[in-house]
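As a plain string of letters, each chain reads:
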Amino acid sequence: VNPDEYRASLADGRRVFYDGELVTDVATHPKFRVAVDNVAAGYGDGERGLNSADAYKFPASSDELRARMESLTGWEPTLLMTLESLLALGTTASRMPADEAFAKYRSRIDGFVEFCKQHDRRCVPTISDAKGHRALSPAQQADPDLYTRIVEHHADGIVIRGAKLHISGAAVAHELLVMPTKRMKPGEEQWAVACAVPVGSPGVTIMNAVPLPPADEWEYHPNSSHGGLPEGFVVFDDVFVPNERVFLAGEVEHSATFAHSMGLWQRLGGAAHMAEGADRLVGLARLLAEANGVEKIPHIREKIADMIIYATLVRSGLEAAIENAVITPEGFATPDELYTNVAKYYGALNRDRMLTFIHDIAGGAILTAPLPGDLANPETRAYVDKYMPTRPGIDGEYRTRLFHAARDLTVSSAAGHHQVAMIMSGGGLFAQKLVATMHYDLAHAKQLALKAARLDPPGKG
Ligand SMILES: Cc1cc2nc3c(=O)[nH]c(=O)nc-3n(C[C@H](O)[C@H](O)[C@H](O)COP(=O)(O)OP(=O)(O)OC[C@H]3O[C@@H](n4cnc5c(N)ncnc54)[C@H](O)[C@@H]3O)c2cc1C
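For the structure given in this document, a descriptive report is provided here.

Each value, and the rule that gives it
Residues numbered from 1 in each chain as written. Predicted model: local features only at pLDDT ≥ 70, side-chain atom pairs only at ≥ 80, totals over all residues. Heavy atoms only, no water. Helix = DSSP H or I, 4+ residues; strand = E, 2+ residues; numbered from the N terminus. Buried < 20%, exposed > 50% of the residue type's maximum accessible area, 1.4 Å probe, protein only. Areas by Shrake-Rupley, 256 points an atom, 1.4 Å probe, with all protein chains shown as cover. Lys, Arg positive; Asp, Glu negative; His and termini not counted. Charge placed at Lys NZ, Arg CZ, Asp CG, Glu CD. Pairing = 2+ DSSP bridges. Axes fitted to C-alpha atoms, helices over the stretch in contact; angles between N-to-C directions. Near = heavy atom within 4 Å. Polar contact = N/O pair within 3.5 Å; in protein donor to acceptor, adjacent residues only side chain to side chain. Core = buried A, V, L, I, M, F, W, Y, C linked by side-chain atoms within 4.5 Å. Contact = heavy atoms within 4.5 Å. Salt bridge = Lys/Arg side-chain N within 4 Å of Asp/Glu carboxyl O.

Take the overall build of the protein next. A count of helices and strands for the protein gives 15 helices and twelve strands. Dimensions of the protein, computed from C-alpha atoms along their principal axes, come out at roughly 75 × 75 × 45 Å. Across the 461 residues that make up the protein, the buried fraction comes to 51%. Surface summary for the protein: the accessible area is close to 21000 Å², and the carbon and sulfur share equals 57%. Taking the average location of the 46 positive side-chain charges in the protein and that of its 58 negative ones, the two points are 6 Å from each other.

In this section: the sheet that holds strand 2 (residues 21-23). The strand order across the open sheet built from six strands is 2-1-8-9-5-4, with neighbouring strands paired in mixed fashion. Sheet topology places strand 2 and strand 4 (149-154) at the edges, where each strand pairs with a single neighbour. Here the average twist between neighbouring strands, direction ignored, is 25 degrees. Sheet topology places strand 8 (residues 204-209) next to strand 9 (residues 231-242); six bridges connect them, and they run antiparallel. Counted as the bridge partner of Ile-206 is Val-234 from strand 9.

Further remarks concern unusual backbone geometry. Notably, Asp-19 is not glycine yet its phi reads approximately 55 degrees, a positive angle. Its place among the elements puts Asp-19 in the loop between strand 1 (15-18) and strand 2. Asp-19 gets classed as exposed once you look at its relative accessible area, which sits at 70%.

Turning our eyes to something else, we now look at the site of the ligand. Lining the immediate surroundings of the ligand are 15 residues, of which Pro-125, Ile-127, Ser-128, Arg-134 and His-166 lie closest. Between an oxygen atom of the ligand and a side-chain N or O atom of Lys-131, the distance comes to 2.9 Å. Between the ligand and Met-424 there is a distance of 3.3 Å, counted from an oxygen atom to a backbone nitrogen or oxygen. Expressed as a share of its isolated accessible area of 970 Å², the protein-covered part of the ligand is 65%.

With that out of the way, let us pick up the nonpolar core. Counting 84 residues, the largest nonpolar core has Leu-86, Leu-89, Phe-112 and Leu-288 as the members making the most contacts within it. With 16 residues, helix 6 (residues 255-292) is the single largest residue contributor to this core. Ignoring any residue separated from it by four or fewer positions in sequence, one finds Leu-288 in contact with Ile-358, Ile-361, Ala-362, Leu-402, Phe-403 and Ala-406.

Now for helix 2 (residues 33-41). All of the buried residues along helix 2 are Val-34, Ala-35, Val-36, Val-39, Ala-40 and Ala-41. Turning to helix 2, the residues buried within the fold contact helix 1 (3-9) and helix 4 (77-95).

This part covers the sheet that holds strand 3 (residues 123-126). Pairing within the open sheet is mixed, and its four strands lie in the order 3-6-7-10. Pairing within the sheet leaves two strands with one partner each, and these edge strands are strand 3 and strand 10 (246-249). Within the sheet, the average angular offset between the axes of one strand and its neighbour, ignoring direction, is 20 degrees. Pairing of strand 7 (residues 193-198) with strand 10 involves three bridges; the strand directions are antiparallel. If you follow Val-193 over to strand 10, its bridge partner there is Ala-249. Packed onto the sheet, helix 4 meets strand 3, strand 6 (175-178) and strand 10 and runs at close to 60 degrees relative to strand 3. Where helix 5 (residues 100-119) meets the sheet, it contacts strand 3, strand 6, strand 7 and strand 10, and its direction lies at approximately 145 degrees from that of strand 10.

Another aspect to go through is the pattern of salt bridges. Overall, the coordinates contain 26 salt bridges when judged by the stated rule. In this structure, Arg-121 engages Glu-175 in a salt bridge whose closest nitrogen and oxygen atoms are separated by 3.0 Å. Of this pair, Arg-121 sits in the loop between helix 5 and strand 3 while Glu-175 sits in strand 6, placing them 54 residues apart in sequence. For the pair Arg-121 and Glu-175, a shared accessibility class is recorded, and that class is buried. For the salt bridge of Arg-353 with Asp-306, the shortest nitrogen-to-oxygen distance reads 3.8 Å. Taken together, the positions of Arg-353 in helix 8 (residues 337-362) and Asp-306 in helix 7 (residues 298-323) put the pair 47 residues apart, joining distant regions of the chain. Judged by relative accessible area, Arg-353 falls into the partly exposed class, the value being 44%. Relative accessible area serves as the criterion here: at 29%, Asp-306 is assigned to the partly exposed category. If you follow the salt bridges from partner to partner, you end up with Glu-219, Arg-381, Asp-385, Glu-397 and Arg-401 in one network.

Turning our attention to the pairing of strand 4. Across five bridges, the pairing between strand 4 and strand 5 (residues 157-168) is antiparallel. Each bridged residue has a counterpart across the sheet, and for Glu-152 the counterpart in strand 5 is Val-159. The hairpin formed by strand 4 and strand 5 contains two residues between the paired strands.

Shown next as C-alpha cells:
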C-alpha cells in the first residue's frame, strides 16, 4: 500500500461527522487532512527510516521489542496503535485456555493478524464503552446499549449495538478492534463481545473531536500543527460482524483478558511516549534557561535536575518492562506487567510537575511573546529584534519562536489534550495502580519486614 492508496482506502463509505457536519471526504477535509497526511506518510516511507511492516512484526525478544518501540513512538500514532492492538490480540489468544472451545477464536485472531499484515491495515483499540452510571453493571443500566453488546446471533455472525468513546484515530484507520471494557460476570454474556469491524461497515458512525490548532495559526503552534489524531465517538447501530471476525461472543470468563492485554500494550506505549516526551521537556527547559541566561542559577539547575530524575525514572520503568519481557509460548515478547504499569502510572501522575517547572523557568513570555505576524511585519519586528534578545547568539526571533514552541508543548489546548491523554490512555490512574498492586511481590516485602523485626509470620509458632 502506498500513501495514495491509503488515502483512497478511506473512501469506503465511512460515516464520519465533525462538529455536526457529515464529512464527505475524510482525506481532504481540513480537520482531518493533517492526520491523514501523517498516516499516509507512514506507508512505505523508507527514506525516513520507517518501515511500515514493523507495525505487524511481533517482537521475539526484549531487544526486538525495544527497537520496535523506539522506531514506532517517533512516528505517526496509528502505526504504534496497530502494533499494540495486534499484539494485544496475540497476548489474549495466548492467555485463552488451550481447549477446543477457544481454538476457533485463536485461529480467527491469527487469521485477522495475517489479514492486517497482508493488506497493511491500520487498527485502533476500541474498548471504552459509554458506561452510563459508573457504579452500575451493564445489566443494571437504564439502557442496555450503554455497554456494547450482541443483539442478534446468526449462523454466519453476530449483530452488535452500542458505542465506544474516545477512540483515537478511528476516522482515519481501517479496523476497529472492539473489546469489552471490563470483566463481565455470568448473566452478562451479551456484553462479552470482541471483534474486528471495518470502519466503513454499514451501521458505524463516528463523531469526532479534533485537537488541531486553527488553520491560520500553524506557525504559532510549531508542534501540534503537525500531529493530532481525531478522537472518535464510535456508534455501532446494529452492525453485522461475520464469524471469522468474532473473537469472543459470550464467554464472560475471558472478557477481561482482552482489556488486560490491551491495557498492558497501551500502557507500554504510553510509557514509551512519556519517556521520550520527558526527555524533550528536559531539553526544552534547558533551552529556555539558556535563552533567558539563567541556566547557572541554583534554583533553575535544581528544577532541571528534578526533571532529569523524572525523565530517567520513567525511562527506567520502560526499560525494566522491556528487559523483563516474558516470551509467550507462541514466541513473542510481552512486557513485564508490574514495570509497565508502574512506569505509566508514575509518568502520568507526575508529568504536570514538569510542566510547572517549565513555566517557572520560562517566565511570562511563554504566554505573551509577540505573534508570528509581529515577526513578519518590519514595523513590529524591529521591536522584537531590539527587546527580545538576551545574550550573544540568542536573537529576538529565536527566543520568540522558542516561547511559541514552549507554549504549544506545555500550555496550549493541544498540550492540555496530550496531558489528559497521558493520564487516561490505557485506562485512568486507578487501573494502573490496581494492576501494579496485583503483580507486586507483597509476600516478599512482608518477609523482609518480618526478618527485620526478627518475627515469625503470625500464626506460626
Ligand atoms: C485523549 C484520549 C484518547 C483515548 N483513546 C482511546 C482509544 O483509542 N481507545 C479506547 O478504547 N479508549 C481510549 N480512551 C479512553 C480511556 O481509556 C478512558 O478515558 C479511560 O479508560 C477512563 O474511562 P472514562 O473516560 O469513561 O472515565 P470514567 O470511567 O468515568 O473514569 C473517571 C474516574 O472515575 C473512576 N471510576 C469510574 N468507574 C469506576 C468504578 N466502577 N470503580 C472505581 N472507579 C471508577 C476512574 O478510575 C476515574 O478515576 C482515550 C481517552 C482519552 C482522554
